[in-house]
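The primary structure of each chain is shown beneath.
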Amino acid sequence: MVRVLFVCLGNICRSPMAEAVFQQMVDEADLSDQIDVDSAGTGSWHVGEKAHHGTRRVLAQHGIAYDGRARKISRQDMDPKTYVVAMDASNLSNLQALSSQHPRLYRLLDFSSQSAVRDVPDPYYSDNFDYVYDLVTDGCRGLLATIREQEGL
Ligand code: 4NP
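Throughout what follows, the structure given in this document is the object of discussion. Since the model is a prediction, treat every value here as computed from it, not as a measurement. Positions within a chain are numbered from 1, following the residues in the order the chain's sequence is written. Given that this is a predicted model, residues contribute local features only at a pLDDT of at least 70 and side-chain atom pairs are listed and counted only at 80 or more, while totals for whole chains, interfaces and linings are drawn from all residues. With hydrogens and water set aside, each side-chain value is computed from the structure's full complement of heavy atoms.

1. Some words on the site of the ligand
Note the following rule: Whether a residue is near a molecule or strand depends on its heavy atoms: it is near if one of them lies within 4 Å of it. Each polar contact in these results corresponds to two N or O atoms within 3.5 Å; when the atoms are within protein, one needs to be able to donate a hydrogen and the other to accept it, and residues that are neighboring in sequence are counted only if both atoms are side-chain atoms. Computed with the Shrake-Rupley method and a 1.4 Å probe, the accessible areas treat only the protein chains shown as cover for residues. Here the nonpolar group is Ala, Val, Leu, Ile, Met, Phe, Trp, Tyr, Cys and Pro; Asp, Glu, Lys and Arg are the charged ones; every other residue, Gly included, is treated as polar.
Near the ligand the following residues occur: Cys8, Leu9, Gly10, Asn11, Ile12, Cys13, Arg14, His46, Asp122, Tyr124 and Tyr125. Contact between the ligand and Gly10: an oxygen atom at 2.8 Å from a main-chain N or O atom of the residue. Between the ligand and Asn11, the relevant distance is 3.2 Å, taken from an oxygen atom to a main-chain nitrogen or oxygen of the residue. For the ligand, the protein covers 92% of the area, taking 360 Å² as the surface of the free molecule. The class makeup of the residues in the shell around the ligand is 6 nonpolar, 3 polar and 2 charged.

2. As for the pairing of strand 3 (residues 83-86)
Spelled out, the test is: Partly exposed residues are those whose accessible area sits between 20% and 50% of the maximum for their type, while under 20% is buried and over 50% is exposed, using a 1.4 Å probe and protein chains only. Secondary structure elements are taken from DSSP: a helix is a run of H or I of four residues or more, a strand is a run of E of two residues or more, and numbering for both begins at the N terminus. Two strands qualify as a pair provided DSSP detects at least 2 bridges between them. When the strands point away from the viewer and the connection leading from the first strand across the helix to the second strand turns clockwise, the crossover is called right-handed.
Of the two faces of strand 3, both are covered, the one formed by Tyr83 and Val85 as well as the one formed by Val84 and Ala86. Pairing of strand 1 (residues 2-8) with strand 3 involves 4 bridges; the strand directions are parallel. Across the sheet, residue Leu5 finds its bridge partner in strand 3, namely Val84. Relative to strand 4 (residues 105-107), strand 3 runs parallel, the two being bridged by 3 bridges. Counted as the bridge partner of Ala86 is Arg107 from strand 4. For the segment spanning strand 3, helix 3 (residues 89-98) and strand 4, crossover handedness is right-handed.

3. Looking at the nonpolar core
Spelled out, the test is: Only buried residues count toward a nonpolar core. Its members are Ala, Val, Leu, Ile, Met, Phe, Trp, Tyr and Cys residues joined through side-chain atoms within 4.5 Å. In what follows, a contact means two residues having at least one pair of non-hydrogen atoms within 4.5 Å.
Core analysis: the biggest nonpolar cluster contains 37 residues, and Phe6, Phe22, Ile35 and Leu108 have the highest contact counts within it. The set of elements that each furnish at least two residues to this core consists of strand 1, helix 1 (14-28), strand 2 (35-41), helix 2 (53-61), strand 3 and helix 5 (129-151). For this core, the element with the most residues is helix 5, which contributes 9 residues. Setting aside residues up to four positions removed in sequence, Leu108 forms contacts with Phe6, Val85, Ala86, Met87, Val120, Val136, Gly139, Cys140 and Leu143. In this structure, Leu5, Ala40, Ala86 and Leu92 belong to the second largest nonpolar core, which totals 10 residues.

Here's what the structure looks like:
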């Protein structure tokens, strides 16, 4: 089983959106038996909560189901084989502090088709969930293609 873990700060806005979008792509590619998808946050403020209503709205508009609850990342999540995919540079440095030598630590937009933006901006204050959805979808497409190539799927 290939494991993919999306990580943001609160695990209520960006990483649940990435988890849901990527899970749908995995399902459509008939790879759900081979790729496990999850998300977590580096902060604990929202543990146990549903995704932010902005994330739920944008996912519902695109016909994507999601009923996950926020959780905080733990050291056990940082298995060296897991693709750990941060949303921005701040998440990345938090993850590096947790596991400094992790071999599969990425930023989602490393896999984007566009080079201009590397961080998925936090929509918690800005409310730009539609823009975040576009970025997340672009990054997830590239990530799935990379995983399929690297894992021979
Ligand atoms: P997320 O957004 O990291 O994309 O889930 C945030 C959610 C909550 C907070 C910050 C960012 N917060 O400060 O509570």
